[in-house]
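# Working through the structure, step by step
One letter stands for each residue in the lines below.
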Amino acid sequence: MKNYSVFSMLAIVACIFLASCSKSSEVLSSIPASSPVVARIDLDKAADAFDIKMNGDGIVLPEYLKDILGQRLADNQQNVKKLCSSVDRQNMYMFASKNDYIITCLLTDVETFKSVLTDSGYECRHIDGFDVYNISSSLLIRDNQIWIFDSGNADSAVTAVKAQLKLAEEKSLADVDYAADAICSNNTVDLLVDMEATSAITNCMYHAAINAKGNTLEMNTKMIGTKEAIDSLKAIYACQKIGDKLKINAPENALFVAAMGIKGDYDWSTRFEQSGAMLPYQAMAMLQAAAPILKAIDGTVSIVVTTADLNSLIGNLAPSLNINVRAMAKEGAVLELKQHFADMFAKMALKGIEQGDKVVYETGLFRASIGCEGNILCIDFATPTAPTSEATVNMTDKFEKYDAAVMLNIPSLSDFQGLNVPYGLTITGNGSFEKASFKATLTGTDGKFFPTIYNSFK
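Residues numbered from 1 in each chain as written. Predicted model: local features only at pLDDT ≥ 70, side-chain atom pairs only at ≥ 80, totals over all residues. Heavy atoms only, no water.

### A short note on the overall build of the protein chain
Within the protein chain, the regular secondary structure consists of 14 helices and 25 strands. The buried share among the 458 residues of the protein chain stands at 48%. Across the protein chain, contacts joining residues at least 24 apart in sequence account for 61% of those joining residues at least 6 apart. In the form shown here, the protein chain has an accessible surface area of approximately 23,000 Å², with 53% of it arising from carbon and sulfur atoms. (Helix = DSSP H or I, 4+ residues; strand = E, 2+ residues; numbered from the N terminus. Buried < 20%, exposed > 50% of the residue type's maximum accessible area, 1.4 Å probe, protein only. Contact = heavy atoms within 4.5 Å. Areas by Shrake-Rupley, 256 points an atom, 1.4 Å probe, with all protein chains shown as cover.)

### Topic: the packing of aromatic side chains
In the structure shown here, the tally under the stated rule is five aromatic pairs. Taking 5.6 Å as the distance between ring centres and 80 degrees as the angle between the ring planes, the aromatic pair formed by Phe130 and Trp147 counts as edge-to-face. Here the residue Phe130 occupies a position in strand 7 (residues 130–135), and Trp147 occupies one in strand 9 (residues 145–149), the gap between them amounting to 17 residues. Trp147 matches Phe130 in its accessibility class, with the two residues each being buried. Between Phe449 and Phe450, the aromatic rings sit 5.4 Å apart at their centres with planes inclined by 80 degrees, giving edge-to-face as the arrangement. Counting every residue linked through ring pairs, the aromatic cluster contains Phe50, Phe449 and Phe450. (Phe/Tyr/Trp six-rings, centres within 6.5 Å; stacked < 30°, edge-to-face > 60°.)

### Some details on helix 12 (residues 334–347)
The end-to-end C-alpha distance of helix 12, which contains 14 residues, comes to 20 Å, matching closely the 20 Å that a straight helix rising 1.5 Å per residue would cover. Three or more residues of helix 12 are buried, namely Val334, Leu337, Lys338, Phe341 and Phe345. Down the axis, helix 12 shows its buried residues gathered within 100 degrees of arc, on one side only. Along helix 12, exposed side chains directed more than 90 degrees from the buried face belong to Leu335, Glu336 and Lys347. Phi for Ala349, located one or two positions after helix 12, is positive at around 60 degrees. (Expected span 1.5 Å × (residues − 1). Arc of directions from axis to C-beta.)

### What to know about the pairing of strand 8 (residues 137–142)
Across the six residues of strand 8, five count as buried, placing the element largely inside the fold. Here strand 7 pairs with strand 8 via five bridges, running antiparallel. Its bridge partner lying in strand 8, Ile135 is registered against Ser137. Connecting the antiparallel pair strand 7 and strand 8 is a turn made up of one residue, with Ser136 showing a positive phi of about 75 degrees. Direction of pairing for strand 8 relative to strand 9: antiparallel, over a ladder of five bridges. If you follow Leu139 over to strand 9, its bridge partner there is Ile148. (Pairing = 2+ DSSP bridges.)

### Quick notes on the confidence of the model for the protein chain
Considering every residue of the protein chain, the mean pLDDT works out to 81; 82% of them sit at 70 or more. Predicted confidence in the protein chain is weakest over helix 1 (residues 5–16), with a mean pLDDT of 49, and strongest over strand 6 (residues 124–127), with 96. Between residues 1–7, whose pLDDT stays under 50, and residues either more than four places distant or in other chains, the model counts 15 contacts. Considering only residues more than four positions removed or in separate chains, one finds that residues 16–23, a stretch of pLDDT under 50, has 42 contacts. (pLDDT = per-residue confidence, 0-100.)

### A word on helix 7 (residues 154–170)
Spanning 17 residues, helix 7 covers 25 Å between terminal C-alpha atoms, matching the ideal 24 Å at 1.5 Å per step. Inspection of helix 7 places Ala154, Ala157, Val158, Ala160, Val161, Gln164, Leu165 and Ala168 among the buried residues, and these make up the whole buried set. Axial view of helix 7: buried residues confined to an arc of 165 degrees, hence all on one face. Turned more than 90 degrees off the buried face of helix 7, the exposed positions are Thr159, Lys166, Glu169 and Glu170. Where helix 7 starts, the residue carrying a side-chain oxygen 3.1 Å from the main-chain nitrogen of Asp155 turns out to be Asn153. (Polar contact = N/O pair within 3.5 Å; in protein donor to acceptor, adjacent residues only side chain to side chain.)

### Side note on the pattern of salt bridges
Counted by the stated rule, this structure contains 11 salt bridges. Between Lys448 and Asp51 there is a salt bridge, and its shortest N-O distance comes to 3.5 Å. Taken together, the positions of Lys448 in the loop between strand 25 (435–443) and helix 14 (449–456) and Asp51 in the loop between helix 3 (43–49) and strand 2 (53–55) put the pair 397 residues apart, joining distant regions of the chain. Residue classification places Asp51 among the partly exposed positions, given a relative accessible area of 28%. Connected through shared salt-bridge partners, Asp48, Asp51 and Lys448 make up one network. (Salt bridge = Lys/Arg side-chain N within 4 Å of Asp/Glu carboxyl O.)

### Some points on the environment of Tyr206
Summarising the element assignment, Tyr206 is placed in strand 11 (residues 204–213). Judged by relative accessible area, which is 35%, Tyr206 ranks as partly exposed. Among all residues touching Tyr206, those that are not within four sequence positions of it are Leu191, Leu192, Val193, Met195, Lys222 and Met223.

### Describing unusual backbone geometry
With glycine set apart, most residues show a phi of negative sign, and most peptide bonds adopt trans. Positive phi outside glycine occurs at Asn203, with the angle close to 60 degrees. Tracing the backbone through its elements, the reader meets Asn203 in the loop between strand 10 (189–194) and strand 11. One non-glycine residue with positive phi stands out, namely Ala349, at about 60 degrees. Turning to its location among the elements, Ala349 is positioned in the loop between helix 12 and strand 18 (353–355).

### As for the nonpolar core
Counting 31 residues, the largest nonpolar core has Phe130, Leu140, Leu173, Ile183 and Leu192 as its most contacted members. At the level of elements, helix 2 (25–28), strand 4 (87–97), strand 5 (100–107), strand 7, strand 9, helix 7 and helix 8 (177–183) are the ones that each hand at least two residues to this core. At six residues, helix 7 tops the list of elements feeding residues into this core. Core analysis: the next-biggest nonpolar cluster, separate from the first, contains 26 residues, Ala238, Ala296, Ile370 and Ile379 among them. (Core = buried A, V, L, I, M, F, W, Y, C linked by side-chain atoms within 4.5 Å.)

Right, dumping it as structure tokens:
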């Protein structure tokens with residue numbers, strides 16, 4: 001039996017790399033509304049992000065991909081070109097089916113597409129109205145639509161696709177207006193994740209819009225759904241605006257800065273009970289351990305992490321590390337929080353030493369101080385090799401309009417974990433209940449995001 005995995009890969013690559021979005025009711029009507037994950041990929045844009053060129057002669061790979069696909073693509077360029085011309089560039093989707101994923105799109109020239117498969121030695125089987133080709137994966141064609149199912153068993157592939165079509169007949173993605181609109185927002189990738197998979201609330205989804213532009217990767221997410229579903233989520237939402245009552249100061253060389261505004265009147269007890277049915281035991285145990293801290297907080301919590309040596313953070317018992325935490329406590333609760341941490345250190349057989357407003361705990365491995373400034377709890381942790389403080393930057397203005405915000409700054413990855421990366425990686429992001437964004441930018445390079453990352457890890 002021949003091994004056609006190479007052609008299988010090329011066929012799928014050809015289909016995917018020439019896909020862009022169209023709100024096609026025909027395709028959306030074949031995707032069940034109950035699918036936990038649905039993605040629409042515009043790989044015209046993705047091809048540009050990976051520095052892949054497409055022209056009348058087919059696909060031209062960049063140097064960094066030629067080692068992987070170059071010869072295979074060259075040997076099959078004519079077939080790839082025919083496959084490209086047979087695919088409807090405006091209809092390509094991938095959706096989840098239990099533990100499997102199915103890719104589907106429309107074909108503009110069904111006969112040409114089939115003839116390429118037949119001429120390449122693939123046998124066509126007719127099963128329950130589908131023309132099925134086995135090329136490691138199973139390609140199912142009916143009328144002018146194709147489904148790619150990751151299984152070499154043609155019968156099980158047909159069974160799986162038919163089951164999804166039956167679910168779509170009951171209710172499809174095309175029947176959910178907010179989902180159909182979001183999945184066709186013409187980003188590089190549009191991704192839908194059903195909220196029912198992570199909560200008991202129905203009629204609500206996460207929509208992620210992912211784009212790669214030059215040396216930057218951006219992702220914007222928001223919750224979409226019916227007004228009733230969004231209102232229900234807001235009712236159990238524990239965050240509020242970060243605000244400016246707590247100044248978030250971080251050294252210029254800070255590795256990580258994050259902040260979140262927490263509602264002081266939030267019903268944590270009820271939420272813990274609701275979470276118990278959804279979270280694994282270990283996660284629930286950690287949540288319960290954090291309960292006294294969460295219940296005492298009313299306002300902003302910030303954390304700043306600084307290191308002088310990234311290598312020291314990997315498998316090192318004595319890393320170079322500074323951690324500074326600030327938390328706004330409820331009226332009269334800051335002393336309760338201090339006692340909570342004192343009890344925690346006592347369990348470690350550590351006795352604190354009073355130094356003014358602070359209690360200091362010190363060992364050969366670290367020094368920690370617990371103090372307060374008014375109703376703000378101050379926790380500072382440092383290892384012996386921690387960097388000295390540099391000039392600080394006030395992050396409050398950048399963070400205060402969000403419910404949650406995070407900034408990760410890796411000033412230099414040179415020789416990190418044995419890599420020789422001639423640029424810095426800076427990641428910034430912000431988040432709130434209804435909308436969040438993430439941006440990763442490679443500094444010090446004029447290249448594109450994915451090729452630069454790939455070449456760094458070769």
